[in-house]
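Per-entry structural report
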Amino acid sequence: MIQPTLHKHPAFLAPRSTTMTSKRTIFIPYHPKTILNKHKRADHWFWTRYSAYPYIGCQHGCEFCYCREQKYSPYDDPNDFSYLIKVKENAPELLRRALSRTPVDLIFTGDYQAAERKFEVSRRMLEVCRDLGFPVFVLERAPLVLRELDLLREINARAPSIVAFSIISTPDSPHYPEVCRMEHLAPPAAKRFAAMEKFAAAGILTGICMMPILPGLCDSDANLEAVVRWTAQHGGRFVLASSLTLSDQQKDYFLGVLGARFPGLLGLYQRLYPPQSYAPADYPWRRIALKIREYCEKYGIRDRAPRPIIPGEKRARNKRVVEKLADQLYAMELNGESNHRIWAYRKAAWAVEDLEQDIGLIYRNMGLKGLQSIPNIGASLGKAVERMLTEIAS
Ligand code: SF4
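Cut-offs used in this document
- Residues numbered from 1 in each chain as written.
- Predicted model: local features only at pLDDT ≥ 70, side-chain atom pairs only at ≥ 80, totals over all residues.
- Heavy atoms only, no water.
- Core = buried A, V, L, I, M, F, W, Y, C linked by side-chain atoms within 4.5 Å.
- Buried < 20%, exposed > 50% of the residue type's maximum accessible area, 1.4 Å probe, protein only.
- Contact = heavy atoms within 4.5 Å.
- 1 Å grid on protein atoms, 1.4 Å probe; cavity = no way out; pocket = protein on both sides within 12 Å on 5 of 7 lines; lining within 4 Å.
- Points joined across faces, edges and corners; volume = space filled by probe spheres on them.
- Helix = DSSP H or I, 4+ residues; strand = E, 2+ residues; numbered from the N terminus.
- Nonpolar A, V, L, I, M, F, W, Y, C, P; charged D, E, K, R; others polar.
- Phe/Tyr/Trp six-rings, centres within 6.5 Å; stacked < 30°, edge-to-face > 60°.

Quick word on the nonpolar core
Counting 82 residues, the largest nonpolar core has Leu 95, Ile 107, Leu 152, Met 210, Leu 214, Tyr 269 and Ile 292 as its most contacted members. Beyond its immediate stretch of four places on either side in the chain, Met 210 contacts Ile 167, Ile 168, Cys 218, Asn 223, Leu 224, Val 227, Val 239, Leu 240, Ala 241, Ser 242 and Ile 292. Grouped together as the second largest cluster of nonpolar side chains are 36 residues, Leu 205, Met 211, Ile 342 and Ala 349 included.

Side note on empty space enclosed by the protein
Overall, the coordinates contain one cavity of 30 Å³ or more when judged by the stated rule. Quantified by volume, the largest cavity comes out at close to 40 Å³. Every residue lining the largest cavity is listed: Trp 45, Val 239, Leu 240, Ala 241, Trp 285, Ala 289, Ile 292, Asp 303 and Tyr 330. Every element with two or more residues in the lining of the largest cavity is listed here: β11 (239–243) and α10 (285–299). Along the lines of polarity and charge, the residues of the lining of the largest cavity split into eight nonpolar, no polar and one charged.

Topic: the packing of aromatic side chains
Aromatic ring pairs are reported here in terms of the distance separating the ring centres and the angle at which the planes meet. Applying the stated criterion to the full structure yields 13 aromatic pairs. Between Phe 46 and Phe 137 the ring centres are 5.2 Å apart and the planes differ by 80°, which places this aromatic pair in the edge-to-face class. With Phe 46 in the loop between β3 (37–38) and β4 (50–51) and Phe 137 in strand β8 (residues 136–140), the pair connects residues that are 91 residues apart, well separated along the chain. Given the relative accessible area of 14%, Phe 46 is considered buried. What makes Phe 137 buried here is its relative accessible area of 0%. Taking 5.2 Å as the distance between ring centres and 50° as the angle between the ring planes, the aromatic pair formed by Phe 193 and Trp 230 counts as tilted. In this pair, Phe 193 is assigned in helix α6 (residues 189–201) and Trp 230 in helix α7 (residues 221–233), connecting sequence segments 37 residues apart. Comparing Phe 193 with Trp 230 shows no difference in burial state: the two are buried.

Below, the structure written as structure tokens:
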């Protein structure tokens, strides 16, 4: 258990603006040794290669939040996660040092919980990204991120970026008041949609992460369609969705909330999340994801985030091919194709991501044989990659 130490600055002890508890938020000054997480490759959902976070803990305190899991939360009590907020005071300086010797690529950053009004660590980290030309992926539950509209516009002008919002329900949705309550101190989804519209109007790519989809509360067709429709109507270009995971102390905490507030749902969750499970077992995830795809097509948006390409990027074609391979493998997952085929596409995407040379140049010089000589592409996927290159060229 980490012992909190109080800072002398009055901002480090703030009254909690909620009637639900008498607990006060404690801000703990924290000086990590490193800030930048580097991933071997860009992931196929957000396309980020790096991540850097300004705070540990989140005042929003969403009751389903996976950050209450032991592996993410430094506290034994799952409640502490939203009341003991570690402020990484030296994050901007660490980030500047780390990024100045790192190849430019998309970085996941930003956190606009209420603490950010006072500490402005996220803002200063974004300034570093702007100064060094790094594009960003910001994912938010708080419209406070609008404060940085000009700064994000500057970042986006240099390298295309994404500002997405976490939204799982809309004012038109069947359980909107109940879901808002589960998001605890996060501002209502309607405000996030309004913020999203402003980013879209500023020419910044925006969309929704519908995460997590809560069984029995957010997975009805009515809610799925409402979220997609509201996203399209507010300038969003994509909806990324995933189901709820539950583990260790976070699971106990969330089932406790359900038992107290939605006792009728407890049986469903106990069946979906038996002991030792993490993702829901025997849950119609593919049907839900296909419904989201159907609604996205209906409203003219996508269920995948477009991959931002940095101007002058030497391996832009490689990144485009990886994007197409990842889109294809997601479609295969939705269609229930064999794991063997899906893994073949995943490995091919990794091989192209790792390629030092421009794949277009390989194709120009060596044709189909050149593509087939790339490890994990081989004879079977060479033709598919060739088609993708033709599509990209046109
Ligand atoms: S906004 Fe909610 S889900 Fe996201 S980190 Fe904070 S508490 Fe967790």
